[in-house]
Amino acid sequence: MANDSKTWRCGKYELSFDRPRIMGVLNVTPDSFSDGGEHFDPDAAIEYGLAMLDAGADIIDVGGESTRPGFTPVNPDEEARRVLPVVRALAKEGAIVSIDTRHVAVAKAAVRCGASIVNDVTGFTDPKMVEFVATSTCGVIVMHAGEVAAPARTHATVQLDTSAAAFVAEKAREAAAEAAREAEKPARRRRGKLLGEPKTEAKLPGGVVQPSLPFGDPEPAPELTGEQKQETPAAEQVAPAAEAAATPEPAPEPSDHLAAMMRRSARREEAYVPTSQLRRFTLPDSAPIMRRVMGFLSDQARALIHAGVSRDRICIDPGPGFGKTANEDIVIQRETAKMASLGYPLMCAVSRKRFVGAVSGVTEAAERDAATFGVCLGAIQAGANIVRVHDVTGFAQFLNGYWAVAKPQPRRAFVAVGSNLGHRCDNIRAARDMIAEIPLTCVSNCSRIYESEPAYETRQDAFANAVIEIKTELAPLVLLDELMKIEAELGRDRSKKAKVNGPRTIDLDLLWMDGETHGGKKLRLPHPLIGERDFVLVPLEDLMHDPARFFRFNGVEVKEPEDRVGHIVGELGRM
């Protein structure tokens, strides 16, 4: 299950997996398979990315090149122009941003702009990409993209007549047929190899061996020289032209390895006819498929570690839809537990993929979200840690409902409470009692109530402040909504006419929650201003030893007491 001890270090962030993490898909492209063009404008993309954070996304995966079957490759300059403004804006809002790219120049620029994760669909088979991530602190996602079908094998004809004469005659026919085939074979270079076969290898710094790209790509036959053309019979030279005139010429293969593989994959899926070959089982044998997928992921992870990438920065993704048929994708998803056993955080990136449509009977990609949730739930139960989805709002609701019932998981959190209107201490005590009534939540401890100078907006009355320690099984955004309801019930004015830091009957801030890092407009965790607020840090000393050290350890900048705002000036009593 996702409730395990794995952690994933991504730059300045560290993700724990006491619950599954949601990665929202943000395609800044005109041609992605289910949402192409919807977020191509940078401003629209930024707005949508922030909306996904407010809906429950833990990570935003920003991509500027579609990798759908038949896609047109994008040069790195154009890809960078699409994604960098979006990455910069989301990172500024505290988001954990993943850059979905196979180009090292784009990855470098995105990390400089604030991206914390590099998601490489080619599985870090480019030595330059490996060299870059080895010198950074970002998280990495190793994805498998390639065909997993075993090479076709020729089967000998079954001999039914056991007589010696029939046997000798059959052998003679086989020998003659083989000789004819050898004579007719054109001189051509050998096709590229599939995953799992011997590959050309490149050396990385330090002597580390790096496998070549995992895409079998046909290479063109060598052109004949003038002398060879003269030696070739005229009939053989004319025949291809006549054949071309009779048969429409197929579209040329893209020169890009990934594009070529995805085009072949689409043709293989379309050409597959289940009745053309009788099969004993509904799905192909999983062993050769998983040897290729898990072998590649393990090899690439080890290559990254040898190059200098720490193990706790690596996540793996089997790459559903990339060079695989629907049957193969189902086989791989059913073996999620085996992939999770490799010990790396495991990504489930099946959202709206072709095989999801195949098993659900849904043709339109954008309408496959419900089926996507079902496949994701199966993956989570088998050990997947991160779920990459398009519909963050729907999946967050789905996951919160499932997790609340299936996984008892109380976590510690701190809520700051303040008031400077009416009976201040009574307002704070009323808020405490109402917090205790929130579903799946209890109050475990309270600080004393302190009086503090007003912060930010100084022309107002002094505040009464306290911090409440709670245990909750709610997701952070769900808990925040409950706190906002309490504010409204106690008379907090959040209309546009009210000053942001002005007088209020009650103010509730979610400061910190065990295992949670979050960015966006609605909620930031840890609270971005916690390190400068004396009226928060002093009450926290009643609940924990040395809160300044605690928050510094969690990556929060904590100012010295003399540099803080809202200094404590007295004590008003116990909660």
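First, a word on scope: everything that follows refers to the structure included in this document.

Definitions and cut-offs
Residues numbered from 1 in each chain as written. Predicted model: local features only at pLDDT ≥ 70, side-chain atom pairs only at ≥ 80, totals over all residues. Heavy atoms only, no water. Helix = DSSP H or I, 4+ residues; strand = E, 2+ residues; numbered from the N terminus. Contact = heavy atoms within 4.5 Å. Polar contact = N/O pair within 3.5 Å; in protein donor to acceptor, adjacent residues only side chain to side chain. Disulfide = S-S within 2.5 Å. Buried < 20%, exposed > 50% of the residue type's maximum accessible area, 1.4 Å probe, protein only. Pairing = 2+ DSSP bridges. Axes fitted to C-alpha atoms, helices over the stretch in contact; angles between N-to-C directions. Phe/Tyr/Trp six-rings, centres within 6.5 Å; stacked < 30°, edge-to-face > 60°. Lys NZ or Arg CZ within 6 Å of the ring centre and 35° of its normal. Salt bridge = Lys/Arg side-chain N within 4 Å of Asp/Glu carboxyl O.

1. Points about the environment of Tyr456
Argument step 1. Among the secondary structure elements, Tyr456 is positioned in the loop between β15 (449–452) and β16 (463–472).
Argument step 2. In this structure Tyr456 touches Asn501, Leu529, Glu532, Arg533 and Val565, once residues within four positions along its chain are discounted.
Argument step 3. At 2.6 Å, the side chain of Tyr456 forms a polar contact with the side chain of Glu532.
Argument step 4. Side-chain polar atoms of Tyr456 contact the side chain of Arg533, separated by 3.2 Å.

2. Focus on the state of the cysteines
In a disulfide, the sulfur atoms of two cysteines are held together by a covalent bond.
Argument step 1. Here the structure, examined in full by the defined rule, presents zero disulfides.
Argument step 2. With no disulfide of its own, Cys10 lies closest to Cys315 among cysteine sulfurs, the gap being 8.3 Å.
Argument step 3. For Cys10, a relative accessible area of 0% translates into the label buried.

3. Notes on the sheet that holds strand β4 (residues 59–63)
Argument step 1. Strand order in the open sheet formed by eight strands is β10-β7-β6-β5-β4-β3-β12-β11, with parallel pairing between adjacent strands. In the strand order of this sheet, the two ends are held by β10 (314–317) and β11 (347–348), each with one partner.
Argument step 2. Sheet topology note: the β4/strand β5 (residues 96–100) ladder contains five bridges and is parallel. Paired with Ile59 across the strands is Ile96, a residue of β5.
Argument step 3. Its contacts with the sheet put helix α13 (residues 369–382) on β11 and β12 (386–389), and the angle it makes with β12 is roughly 170°.

4. Here we look at the packing of aromatic side chains
Argument step 1. Applying the stated criterion across every chain, the model contains seven aromatic pairs.
Argument step 2. Plain terms: the ring middles of Phe414 and Trp512 are 5.8 Å apart, the flat faces sit at 35° to each other, and that makes the pair tilted. Pair noted here: Phe414 is in strand β13 (residues 411–419) and Trp512 is in strand β17 (residues 507–513), with a separation of 98 residues, a long-range link. Taken as a pair, Phe414 and Trp512 share a single burial class, namely buried.
Argument step 3. When the centroid spacing of 5.1 Å and the interplanar angle of 85° are considered together, the rings of Phe550 and Phe551 count as edge-to-face.
Argument step 4. Accessibility expressed as a relative area gives 22% for Phe550, which makes it partly exposed.
Argument step 5. By the ring-pair criterion, three or more aromatic residues cluster together here, those being Phe414, Trp512, Phe550 and Phe551.
Argument step 6. The lysine or arginine in question, Arg311, covers the ring of Tyr344, its NZ or CZ lying 4.1 Å from the ring centre.

5. Describing the pattern of salt bridges
Argument step 1. Inspection of every chain in the model, using the stated rule, returns 33 salt bridges.
Argument step 2. The closest approach of N and O atoms between Arg81 and Glu78, which form a salt bridge, is 2.7 Å. In this pair, Arg81 and Glu78 are both assigned in helix α2 (residues 76–92), three residues apart and thus about one turn of the helix distant.
Argument step 3. Among the residues examined, Arg81 registers a relative accessible area of 51% and is labelled exposed.
Argument step 4. Take Glu78: its relative accessible area is 22%, and that puts it in the partly exposed class.
Argument step 5. Across the pair Glu560 and Arg552 runs a salt bridge, and its minimum N-O distance is 3.5 Å.
Argument step 6. Given the relative accessible area of 42%, Glu560 is considered partly exposed.
Argument step 7. The class of Arg552 is partly exposed, set by a relative accessible area of 40%.
Argument step 8. One salt-bridge network, held together by shared partners, links Asp18, Arg19, Arg21, Asp58, Arg411 and Glu516.

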